[in-house]
Amino acid sequence: MRSEIHYLCNVKSVLVWFLHHSIIEMMTKRFFTYIFMLLAACLSASGQSADSVRVSLVTMYPGSEIYELYGHTELRVQCEQGDYFFNYGLFDFNAPNFVYRFVKGETDYLCGAIPAAFALRGYEGRRVVEQELNLTAAQASAMRDMLFANARPENATYRYKFVSDNCATRPRDIIEKALAGSLTYHPADSANVTYRQMMHRYNANYAWNRLGIDLALGADLDTAITFRQRMFAPVVLMDAFAHATVKDSLGHEVPLVKSTLTLVDGVEQGLVLDATPWYLTPLFMACVLLAVVAFVSLRDYKRRRASRWFDTLLFTAFALGGCVVFFLVFVSTHECTSPNYNALWLHPFYVLLAILPWVGKARKTLTMLHGANFVWLMVAGTLVATGMLAQEFAATFYVLMAVAMVRSFSHLMLNLPCNRAAVK
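Not measured: the values here are computed from a predicted model.

Q: Run through the pattern of salt bridges, naming residues and quoting values.
A: Applying the stated rule across the entire model yields 20 salt bridges. A salt bridge links Glu-68 to Arg-126, with the shortest nitrogen-to-oxygen separation between them at 3.4 Å. Residue Glu-68 is located in the loop between β1 (54-60) and β2 (72-79), and its partner Arg-126 is located in the loop between α4 (116-119) and β5 (128-133); the two are separated by 58 residues in the primary sequence. Here Glu-68 and Arg-126 have matching classes, each one buried. Put simply, Asp-300 and Arg-303 hold a salt bridge, and the shortest N to O gap is 3.2 Å. Here Asp-300 and its partner Arg-303 are both found in helix α10 (residues 282-303), three residues apart, which amounts to about one turn of the helix. For Arg-303, a relative accessible area of 36% gives the class partly exposed.

Q: I'd like a rundown of helix α13 (residues 363-385), residues and numbers included.
A: Under the 1.5 Å per step criterion, the end-to-end length of α13 is 32 Å for 23 residues, consistent within 8% with the ideal 33 Å. Listing the buried residues of α13 in full gives Leu-366, His-370, Gly-371, Asn-373, Leu-377, Ala-380, Gly-381 and Val-384. Looking at the buried side of α13, the elements it contacts are α11 (308-330), α12 (350-355) and α14 (395-414). Immediately beyond the C-terminal end of α13, within one or two residues, lies Gly-387, with a positive phi of roughly 75 degrees.

Q: Lay out the sheet that holds strand β4 (residues 108-115) in plain terms, naming residues and giving numbers.
A: Spatially, β6-β4-β3-β2-β1-β5-β10 is the arrangement adopted by the seven strands of the open sheet, whose pairing is antiparallel. Across the chains shown, the open sheet's two edge strands, defined by having one partner strand only, are β6 (157-159) and β10 (257-264). When strand polarity is set aside, the average angle formed by the axes of neighbouring strands in this sheet is 25 degrees. Sheet contacts for helix α9 (residues 234-243): β1, β2, β5 and β10; angle to β1, the most-contacted strand, approximately 135 degrees.

Q: Could you give an account of helix α7 (residues 195-202), naming the residues involved and the relevant values?
A: Counted residue by residue, α7 has six buried out of eight residues, so it is predominantly covered. Inspection of α7 places Tyr-195, Arg-196, Met-198, Met-199, His-200 and Tyr-202 among the buried residues, and these make up the whole buried set. Buried positions along α7 lie against α8 (207-216) and α9.

Q: Tell me about a nonpolar patch on the surface, and please be specific about residues and values.
A: A cluster of nonpolar side chains, contributed by Trp-208, Trp-278, Tyr-279, Leu-280, Phe-284, Met-285, Val-288 and Val-292, occupies part of the molecular surface with about 780 Å² of accessible area. Broken down by element, the nonpolar patch gets its largest block of residues, four residues, from α10. Positionally, Met-285 belongs in helix α10. What makes Met-285 partly exposed here is its relative accessible area of 36%.

Q: Quick one: what's the story with the sheet that holds strand β9 (residues 253-255), residue by residue and with numbers?
A: Taken in spatial order, the three strands line up as β7-β8-β9 in an open sheet, and their pairing is antiparallel. The open sheet is flanked by β7 (183-184) and β9, the only strands paired with a single partner. Sheet topology places strand β8 (residues 245-247) next to β9; three bridges connect them, and they run antiparallel. Looking across to β9, one finds that Thr-245 is bridged to Pro-255.

What counts, and where the lines are drawn
- Residues numbered from 1 in each chain as written.
- Predicted model: local features only at pLDDT ≥ 70, side-chain atom pairs only at ≥ 80, totals over all residues.
- Heavy atoms only, no water.
- Salt bridge = Lys/Arg side-chain N within 4 Å of Asp/Glu carboxyl O.
- Helix = DSSP H or I, 4+ residues; strand = E, 2+ residues; numbered from the N terminus.
- Buried < 20%, exposed > 50% of the residue type's maximum accessible area, 1.4 Å probe, protein only.
- Expected span 1.5 Å × (residues − 1).
- Contact = heavy atoms within 4.5 Å.
- Pairing = 2+ DSSP bridges.
- Axes fitted to C-alpha atoms, helices over the stretch in contact; angles between N-to-C directions.
- Patch = residues over 30% accessible without salt bridge, like charges linked within 9 Å, V, L, I, M, F, W, Y side chains within 5 Å.
- Areas by Shrake-Rupley, 256 points an atom, 1.4 Å probe, with all protein chains shown as cover.

Right, dumping it as structure tokens:
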């Protein structure tokens with residue numbers, strides 16, 4: 001019976017690993033939960049000695065995909081009954097309203113155990129480093145028990161937060177709890193750094209991903225963070241553990257890491273792609289758009305007539321972007337999305353500037369709105385440029401603000417008393 005349970009445990013873990021790599025997205029939630037229960041039964045049946053337990057922190061370096069840029073962390077437990085990697089980066093595709101809840105910020109992730117024989121599948125070419133922890137028998141036993149408890153169906157789900165509660169911070173917290181205050185970090189430097197600055201280092205070659213983060217995440221990302229908070233990034237956590245110390249059974253301080261082993265060889269920077277070509281970057285595209293807007297506005301002034309279709313397309317795009325920002329600020333529960341001062345210049349109210357050009361009796365209202373928009377963007381740009389708003393803005397955003405300002409200024413010029421009669 002014991003061997004049968006152990007076999008079922010391995011089968012479950014293989015399935016969980018496949019789920020993590022999006023191969024069996026059609027697995028039903030009922031079957032997924034049933035398999036988790038088999039794992040729980042297996043873990044409950046284990047009666048290994050604490051002296052035989054080995055616990056390691058395993059760090060996967062960054063990959064080439066967007067979701068791999070920050071790396072990944074798992075905890076490895078080796079004992080008499082098996083060798084498992086505990087992964088806090090799993091999620092159930094079949095959960096009700098998964099996509100909407102994910103966008104809204106209700107990102108429920110899972111803890112799963114993967115047999116060592118399958119845990120490193122998909123990491124070929126990415127550097128994977130294992131740090132065996134220097135633990136007492138009691139500490140190793142406590143950590144094993146906490147991980148096994150986390151893998152139970154009733155405990156496996158947790159609310160994922162991408163900087164404060166993720167696949168790196170969960171293992172760190174478990175280790176700190178098992179060590180009961182005997183762990184001491186020794187920071188290599190004391191320089192002030194923010195979450196955004198750290199993220200920029202990881203997505204430096206991914207210009208559009210960097211722009212998306214700068215647009216979606218607000219001022220909370222620009223506050224200085226502690227050394228411990230930096231450990232949301234797996235490689236930073238690995239380096240912190242490499243210099244940390246812990247008290248042994250005699251009360252002496254010893255290195256936290258007992259030994260380090262490279263499980264998969266790879267380059268230090270990971271499998272990061274080359275930088276986005278300059279002519280495909282958001283900043284260049286925004287500059288091209290600004291040039292087009294300037295050309296159209298000059299042509300409109302010469303013709304004494306506004307290009308209504310152009311305005312509709314331009315300001316509809318701005319309004320849609322504003323809807324995304326407003327959703328993240330006022331609806332989403334994702335961390336660091338509110339306050340977000342990008343909402344000052346990118347908002348849904350641009351829809352009025354897209355629609356009113358087609359309303360014949362709304363010319364005066366449209367002119368007033370363009371005037372208000374021009375002044376508002378001037379004020380917002382000044383607040384941003386002078387650093388009065390505690391949020392870092394991408395250069396692309398300044399250009400896009402200029403785009404809207406130029407178009408609103410063009411409408412104001414067309415509606416000067418000397419030109420008003422010619423505007424159609």
